[in-house]
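As a plain string of letters, each chain reads:
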Amino acid sequence: MPATARGEAMTRIGVYPGTFDPPTKGHRDIIERALSLVDRLVIGVGVNTSKAPLFTLDERVAMVQADVAALSGGKIAVKPFKGLVVRFAEEEGARVIVRGLRSVTDFDYEAQMAAANGRMSPGIETVFLFADPSTLAISGTLVREIARLGGDVSPFVSPAVAAKLAQKLGKA
Ligand code: COA
């Protein structure tokens, strides 16, 4: 753990923001790996104003909480946030925003967000983790579509999330 100028231990706090509609095994991969980089990880379940999520904010927070419960060991908090992700990170005392990268398409969008966030809050760095190859094909859109069409989502999400999808879409 790094130390402050007065020699006190400094807690490295990271924020991992996302819509999590729903949380997938891809998110879980990034969360597990981010835990080795920070002392405390705050998973921010946010609002992307250009998306109309299938699940409510409360439902998404509950699904993420259930998915990370076994991992936690006191290092993870799951919180909803509204407004700018940099403001949320500042409120949480975080110096790092963690994002996952799957493809070149992700890169363009993420580079823009990281640049804008850096301009708004220069003290906060965005750190990118490359998604594990086994999770490259996963996206919320695909998972929702497979579930809507009655397909098996178990390769992509936890059993708890699969059950929530079935319940939400009336396929239970
Ligand atoms: N593996 C697999 N899939 C992944 C993944 C991973 N590691 N990481 C993300 N995804 C998928 C998600 O399932 C989602 O799929 P979908 O769009 O098909 O549903 C997609 O990638 C992107 O989702 P997400 O990571 O949730 O990001 P987002 O682009 O929806 O952004 C916020 C969400 C909350 C981080 C962003 O909108 C935000 O910061 N909002 C606050 C306002 C703000 O500050 N805006 C930025 C100003 S510069």
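Preceding block: the structure.
What counts and what doesn't
Residues numbered from 1 in each chain as written. Predicted model: local features only at pLDDT ≥ 70, side-chain atom pairs only at ≥ 80, totals over all residues. Heavy atoms only, no water. Helix = DSSP H or I, 4+ residues; strand = E, 2+ residues; numbered from the N terminus. Buried < 20%, exposed > 50% of the residue type's maximum accessible area, 1.4 Å probe, protein only. Contact = heavy atoms within 4.5 Å. Pairing = 2+ DSSP bridges. Right-handed = clockwise from strand over helix to strand, strands pointing away. 1 Å grid on protein atoms, 1.4 Å probe; cavity = no way out; pocket = protein on both sides within 12 Å on 5 of 7 lines; lining within 4 Å. Points joined across faces, edges and corners; volume = space filled by probe spheres on them. Nonpolar A, V, L, I, M, F, W, Y, C, P; charged D, E, K, R; others polar.

Colleague: Explanation requested: the environment of Arg95 in the structure shown.
Modeller: Among the secondary structure elements, Arg95 is positioned in the loop between α3 (85-91) and β4 (96-101). According to the relative accessible area criterion, Arg95 is exposed, its value standing at 55%. The spacing of Arg95 and Asp39 is 56 residues in sequence and 12 Å in space, taken between C-alpha atoms. If we ignore the near neighbours within four places in the chain, the residues touching Arg95 are Ile13, Gly123, Ile124 and Glu125.

Colleague: Got a minute to help me understand the pairing of β4 in this structure?
Modeller: For a regular strand, side-chain orientation follows a simple rule: the groups alternate between the two sheet faces. As paired elements, strand β1 (residues 13-18) and β4 share two bridges and run parallel to each other. The partner of Val15 across the bridge, within β4, is Ile97. As paired strands, β4 and strand β5 (residues 125-130) are joined by six bridges and run parallel to one another. Within β5, the residue paired with Arg99 across the bridge is Phe128. Taken together, β4, helix α4 (residues 104-120) and β5 form a β-α-β motif whose crossover is right-handed.

Colleague: It is not clear to me how empty space enclosed by the protein should be interpreted in this structure. Could you clarify?
Modeller: In the structure shown here, the tally under the stated rule is one cavity of 30 Å³ or more. Taken as a whole, the largest cavity holds about 50 Å³ of empty space. In terms of lining residues, the largest cavity is bounded by Phe20, Pro23, Thr24, His27, Arg28, Ile31, Val64, Asp67 and Val68. If you list the elements that add at least two residues to the lining of the largest cavity, you get α1 (25-34) and α2 (57-68). Residue classes in the lining of the largest cavity are distributed as five nonpolar, two polar and two charged.

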